[in-house]
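This is what each chain is made of:
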Amino acid sequence: MKRILITLCALLTVIIVSAGTMNITSGSKKFLKTAGTMLITFNWDKALWANGETLQHRWQEEYNKHIEEGEAAFIKGFNEEGKQLKATAKHDNADYTTEVEIQKIDYFFSATSIIPGHKHDIWAKVTVKDKQGNTVCEIVIERMKGGRDFVVYDSYIKMMKKLGEELASL
């Protein structure tokens, strides 16, 4: 019985340590509890793979497709998890504007887990501003893991959706 408990404790420790972080560096997450809309824009300009390769070089002719579908998955995840605040990509009269600056993405194949599959990690910075342009909240995402799937592209889409969900439930 002791061995089982020790094994479970060790497993939980590994899960918690490898989960990544989503930290508020300034402001407050109170805006997530308000009713209204939030315009989401993405900045992929400086995004790299963990090895330093640019995303455009890595994805080549599928770059635009990956960007568009990843952004749509993020918004879908945010709206599914969000309570009152809803995300949009349309330039309507939104209550908040949010820039998601993608900094780095990493991909790996997890063969040692119970269910093997492709996974992605992401590093990003989220800046939320109100209608007057004042910064309401800044969030730094350090290596958030997500997106286990047998297809690499589907793993990326699931990771982007999870990023939206995690932000909405912060």
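Residues numbered from 1 in each chain as written. Predicted model: local features only at pLDDT ≥ 70, side-chain atom pairs only at ≥ 80, totals over all residues. Heavy atoms only, no water.

Draft legend 1. The arrangement of the packing of aromatic side chains in detail. Taken as a whole and judged by the stated rule, the model has 8 aromatic pairs. Ring geometry for Trp49 versus Trp59: centroids 6.1 Å apart, planes at 85 degrees, classification edge-to-face. Of this pair, Trp49 sits in strand β3 (residues 48-49) while Trp59 is found in helix α2 (residues 55-59), placing the two residues 10 residues apart along the sequence. The two residues Trp49 and Trp59 agree in class, both being buried. The interplanar angle of 40 degrees and the centroid separation of 6.2 Å between the aromatic rings of Trp59 and Tyr63 together place this pair among those described as tilted. (Phe/Tyr/Trp six-rings, centres within 6.5 Å; stacked < 30°, edge-to-face > 60°. Helix = DSSP H or I, 4+ residues; strand = E, 2+ residues; numbered from the N terminus. Buried < 20%, exposed > 50% of the residue type's maximum accessible area, 1.4 Å probe, protein only.)

Draft legend 2. Structural context of the nonpolar core. Among the nonpolar cores identified, the biggest contains 39 residues, and Trp44, Trp59, Phe74, Ile102, Ile105, Tyr156 and Met160 are the most heavily contacted of them. Looking at this core, the elements with two or more residues in it are β2 (36-43), α2, α3 (63-81), β4 (85-88), β5 (96-110), β6 (117-130), β7 (135-149) and α4 (152-168). With 8 residues, the single largest contributor to this core is α4. (Core = buried A, V, L, I, M, F, W, Y, C linked by side-chain atoms within 4.5 Å.)

Draft legend 3. Here's a closer look at the pairing of β7. Bridging between strand β1 (residues 21-27) and β7 involves 6 bridges; their strand directions are antiparallel. Along β7, the bridge assignment pairs Met22 with Ile141. Between the antiparallel neighbours β6 and β7 lie 4 residues, among them Gly133 with a positive phi of about 90 degrees. (Pairing = 2+ DSSP bridges.)

Draft legend 4. Layout of the packing of α3 against α4. Between α3 and α4, the least distance of the axes is 7 Å, while the angle of their chain directions is 35 degrees. Both α3 and α4 take part in a crossing whose hand is right-handed. Here the residues of the contact of α3 with α4 sort into 11 nonpolar, 4 polar and 8 charged. (Axes fitted to C-alpha atoms, helices over the stretch in contact; angles between N-to-C directions. Left-handed = near helix turned anticlockwise from the far one by under 90°. Nonpolar A, V, L, I, M, F, W, Y, C, P; charged D, E, K, R; others polar.)

As far as function goes, none of this settles anything; it's purely spatial.
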